[in-house]
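Residues per chain are reported as follows:
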Amino acid sequence: MEGELRRGTSVLHDVELEADEELWEDTGADDRSGWYCVRTDPFPCPAEGCAFIADFMTAAHLVLVWQERDDPNLLWHAQRAKEVGRNPRVVPYESNFGPSASYYAWEAAGRPVHGVRGKR
């Protein structure tokens, strides 16, 4: 019976465990000055042990940006921030706000959160 799989057992060969994590980065090299983002009252990252404080709607610790001020997803996120008491304001994005990510690039990447995901 050696090599045969049975209930309650498993055999894994050549397994690589993901030990390192890296920040997700939006690969768009475009200057997003003049795009729009949602500024909020400061709020902490909800991940345990993370000291990151956000002043904008963020994903993976990057400021989420949209090309259009009236983008339905921007407005939805601003409304959601209002519902949880974060005092949202739609403002033009400036590079001094910190690194940014296009909302749609973030969404296409699988919506990574808290700034980390396993290496591939």
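It should be emphasised that the depicted structure is a prediction, and the values quoted were computed from it without experimental measurement.

**Section: the packing of aromatic side chains**
If you walk through the whole model with that rule in mind, you get five aromatic pairs. Measuring from centroid to centroid gives 5.8 Å for Tyr-93 and Phe-97, while their planes differ by 80°, and the two rings are edge-to-face. On the numbers, 5.6 Å between centres and 50° between planes, the contact of Tyr-103 with Trp-106 is tilted. In this pair, Tyr-103 and Trp-106 both sit in helix α2 (residues 103-108), three residues apart, roughly one turn of the helix. The same class applies to Tyr-103 as to Trp-106, namely buried. Linked through ring pairs, Trp-66, Tyr-103, Tyr-104 and Trp-106 together constitute an aromatic cluster. A cation sits over an aromatic face here: Arg-32 above Trp-35, 5.5 Å from the ring centre. Sitting over the ring of Phe-97, Arg-39 keeps its end group 5.3 Å from the ring centre.

**So, the confidence of the model for the chain**
Considering every residue of the chain, the mean pLDDT works out to 79; 69% of them sit at 70 or more. Taking the mean pLDDT of every element in the chain, the minimum, 42, falls on strand β8 (residues 117-118) and the maximum, 97, on strand β6 (residues 89-92). With pLDDT under 50 throughout, residues 14-24 is counted as low confidence; its partners more than four residues away or in other chains account for 20 contacts. Contacts for the low-pLDDT stretch residues 115-120, under 50 throughout, to residues beyond four places or in other chains number 16 contacts.

**Observations concerning the nonpolar core**
Core analysis: the largest hydrophobic core is formed by 11 residues, namely Val-38, Met-57, Ala-59, Leu-64, Trp-66, Leu-74, Ala-78, Ala-81, Val-90, Tyr-103 and Trp-106. Where this core is concerned, the elements lending two or more residues are α1 (72-83) and α2. The dominant element in this core, judged by the number of residues it contributes, is α1, at three residues. When near neighbours in sequence (up to four residues on either side) are disregarded, Leu-74 contacts Tyr-36, Cys-37, Val-38, Trp-66, Glu-68, Arg-69 and Val-90.

**A look at the sheet that holds strand β3 (residues 53-56)**
The three strands lie next to each other as β3-β2-β6, forming an open sheet whose pairing is antiparallel. On the outer flanks of this sheet lie β3 and β6, each paired with one strand and no other. On average, adjacent strands in this sheet sit at an angle of 45° to one another, irrespective of strand direction. One ladder, built from three bridges, connects strand β2 (residues 36-44) with β3; its direction is antiparallel. When the sheet's bridge partners are listed, Pro-44 is paired in β3 with Ile-53. Lying over the sheet, α1 contacts β2 and β6, oriented at roughly 25° with respect to β2.

Rules behind the numbers
Residues numbered from 1 in each chain as written. Predicted model: local features only at pLDDT ≥ 70, side-chain atom pairs only at ≥ 80, totals over all residues. Heavy atoms only, no water. Phe/Tyr/Trp six-rings, centres within 6.5 Å; stacked < 30°, edge-to-face > 60°. Helix = DSSP H or I, 4+ residues; strand = E, 2+ residues; numbered from the N terminus. Buried < 20%, exposed > 50% of the residue type's maximum accessible area, 1.4 Å probe, protein only. Lys NZ or Arg CZ within 6 Å of the ring centre and 35° of its normal. pLDDT = per-residue confidence, 0-100. Contact = heavy atoms within 4.5 Å. Core = buried A, V, L, I, M, F, W, Y, C linked by side-chain atoms within 4.5 Å. Pairing = 2+ DSSP bridges. Axes fitted to C-alpha atoms, helices over the stretch in contact; angles between N-to-C directions.

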